[in-house]
Amino acid sequence: MQKQDYSTDETLPDDVFTQKRTTTAWINYVLRYRGIKVYDMRSDLADGLVVLNLLEVLMGGEKISSYAKPRIRAQFLQNCAQAISTVKETAHIKLRTFISPEDFMVGSLKPLLDFFWDLIEHFHIKKIPFTASHPRGALLPWTQKRLDAEYDLFPANLTSDWKDGSVIYALVDSLNKGSLGFKSRSKDSYTDTLKAIEFASKTYGIPMIVDPQDII
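Residues numbered from 1 in each chain as written. Predicted model: local features only at pLDDT ≥ 70, side-chain atom pairs only at ≥ 80, totals over all residues. Heavy atoms only, no water.

Draft legend 1. Just the overall build of the protein chain, in detail. Of regular secondary structure, the protein chain possesses nine helices and zero strands. In terms of overall dimensions, the protein chain is globule-like: its C-alpha atoms have a radius of gyration of 19 Å, near the 17 Å expected for 216 residues. C-alpha extents for the protein chain along the principal axes are approximately 60 × 40 × 35 Å. Out of the 216 residues belonging to the protein chain, those deemed buried represent 42%. (Helix = DSSP H or I, 4+ residues; strand = E, 2+ residues; numbered from the N terminus. Rg over C-alpha atoms; globule rule 2.2 N^0.38 Å. Buried < 20%, exposed > 50% of the residue type's maximum accessible area, 1.4 Å probe, protein only.)

Draft legend 2. Expanded view of the side chain of Lys 20. Relative to the helices and strands, Lys 20 resides in helix α1 (residues 14–30). Here Lys 20 falls in the buried class, since its relative accessible area comes to 5%. Leave out the neighbours within four places in its chain, and Lys 20 touches Asp 9, Leu 12, Asp 40, Met 41, Arg 42, Leu 109 and Leu 113. (Contact = heavy atoms within 4.5 Å.)

Draft legend 3. Just helix α5 (residues 109–123), in detail. When the terminal C-alpha atoms of α5 are compared, their 21 Å separation across 15 residues agrees well with the 21 Å that a helix rising 1.5 Å per residue should span. Buried residues of α5: Leu 109, Pro 111, Leu 112, Leu 113, Asp 114, Phe 115, Phe 116, Asp 118, Leu 119, Ile 120, Glu 121 and Phe 123, and no others. (Expected span 1.5 Å × (residues − 1).)

Draft legend 4. Expanded view of α1. For α1, with 17 residues, the first-to-last C-alpha span of 24 Å sits near the 24 Å given by 1.5 Å per residue. Inspection of α1 places Val 16, Lys 20, Thr 22, Thr 23, Thr 24, Trp 26, Ile 27, Asn 28 and Val 30 among the buried residues, and these make up the whole buried set. Buried-residue contacts for α1 involve α2 (49–58), α5 and α9 (212–215).

Draft legend 5. Structural context of the packing of α1 against α5. Where α1 contacts α5, the axes come no closer than 10 Å and their chain directions differ by 50 degrees. Here α1 lies oblique to α5, going by the angle between them. When you trace α1 past α5, the crossing you get is left-handed. Contacts from Val 16, Gln 19, Lys 20, Thr 23, Trp 26 and Ile 27 of α1 reach α5 at Leu 109, Leu 113, Phe 116, Leu 119 and Ile 120. (Axes fitted to C-alpha atoms, helices over the stretch in contact; angles between N-to-C directions. Parallel < 35°, antiparallel > 145°, perpendicular 65-115°, else oblique. Left-handed = near helix turned anticlockwise from the far one by under 90°.)

Draft legend 6. Focus on the nonpolar core. Grouped together as the largest cluster of nonpolar side chains are 35 residues, with contacts concentrated most on Trp 26, Leu 54, Phe 104, Phe 115, Phe 116 and Leu 119. Of all the elements in the fold, those that place two or more residues in this core are α1, α2, α3 (73–90) and α5. Element by element, the count of residues in this core is highest for α5, at eight residues. Residues contacting Phe 115, with those up to four places away along its chain left out, are Val 51, Val 87, Leu 95, Ile 99 and Phe 104. Core analysis: the next-biggest nonpolar cluster, separate from the first, contains 16 residues, Trp 162, Val 172, Ala 196 and Ile 215 among them. (Core = buried A, V, L, I, M, F, W, Y, C linked by side-chain atoms within 4.5 Å.)

Draft legend 7. Focus on unusual backbone geometry. One non-glycine residue with positive phi stands out, namely His 92, at about 55 degrees. One non-glycine residue, Asp 152, lies in the positive phi region at around 55 degrees. We classify Asp 152 as exposed; its relative accessible area is 67%.

Draft legend 8. Representation of a nonpolar patch on the surface. A contiguous nonpolar patch, built from Leu 175, Tyr 204 and Ile 206 and spanning about 240 Å² of accessible area, is present on the exposed surface. Looking at the secondary structure, you find Tyr 204 in helix α8 (residues 189–204). (Patch = residues over 30% accessible without salt bridge, like charges linked within 9 Å, V, L, I, M, F, W, Y side chains within 5 Å. Areas by Shrake-Rupley, 256 points an atom, 1.4 Å probe, with all protein chains shown as cover. Salt bridge = Lys/Arg side-chain N within 4 Å of Asp/Glu carboxyl O.)

Draft legend 9. Region of interest: the side chain of Ser 174. Along the chain, Ser 174 turns up in helix α7 (residues 166–174). Its relative accessible area of 13% is what places Ser 174 among the buried residues. One polar contact links the side chain of Ser 174 to the main-chain carbonyl oxygen of Leu 171, over a distance of 2.6 Å. Apart from residues no more than four positions distant in its own chain, Ser 174 is found in contact with Arg 146, Leu 147 and Tyr 151. (Polar contact = N/O pair within 3.5 Å; in protein donor to acceptor, adjacent residues only side chain to side chain.)

Draft legend 10. Geometry of the packing of aromatic side chains. Using the criterion set out here, one finds five aromatic pairs in the structure. The lysine or arginine in question, Lys 177, covers the ring of Tyr 151, its NZ or CZ lying 5.4 Å from the ring centre. The positively charged end of Arg 185 is found above the aromatic ring belonging to Phe 182, 3.9 Å away from the centroid. (Phe/Tyr/Trp six-rings, centres within 6.5 Å; stacked < 30°, edge-to-face > 60°. Lys NZ or Arg CZ within 6 Å of the ring centre and 35° of its normal.)

Draft legend 11. Summary view of the pattern of salt bridges. The tally for this structure, following the rule as stated, stands at 12 salt bridges. The salt bridge involving Glu 56 is made with Lys 63; its shortest N-O contact spans 3.8 Å. Judged by its relative accessible area of 5%, Glu 56 falls in the buried class. Across the pair Arg 96 and Glu 121 runs a salt bridge, and its minimum N-O distance is 2.9 Å. Taken as a pair, Arg 96 in the loop between α3 and α4 (101–106) and Glu 121 in helix α5 lie far apart in primary sequence, 25 residues in all. You can call Glu 121 buried: its relative accessible area is 2%. The structure contains a network of salt bridges with shared partners spanning Asp 9, Lys 20, Asp 40 and Arg 42.

Structure follows, in structure tokens:
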């Protein structure tokens, strides 16, 4: 089997491209007050400073020991190693995929995406009151439970059943029933999805890290 080429956006599978774009948007949202912006995860994480700043924000602002102005490869690697160590030893996050300092240095996209997903899950998704033990497996049943009785919607997956915009629209409306007006939605998939995402951002402070095109 031919090895998947992750070196350019043009060679990425659609789902990986969407994950990369969404993850980059999340990083930039978290770091918006630090004047740091990531454009490409494959090249912008090499010195370790982005991920260290990210962890400082996520963990409450406490400074993490690092080279503030790394100039040589050894300092880059040390910063990246410090980030991984902080995740494992201080935040006590169990990483599901092995990642090395070298992966940050060379921009190995797949382990980087898995690494950042573990951070998103730990610092955000686990705060949702799921009844299941694992957030990844609980997302769909949680959505189904919120929407089944009140909106007569029962999405069978987290992909194709969201494409018409009704599920995301209803989910946002369910946070304060009637606030978005489910029955008055346009039934245009792009319009409804965009409206729901914008409403969630303005009303609940939920970052707009997903583009409507990624859903529909």
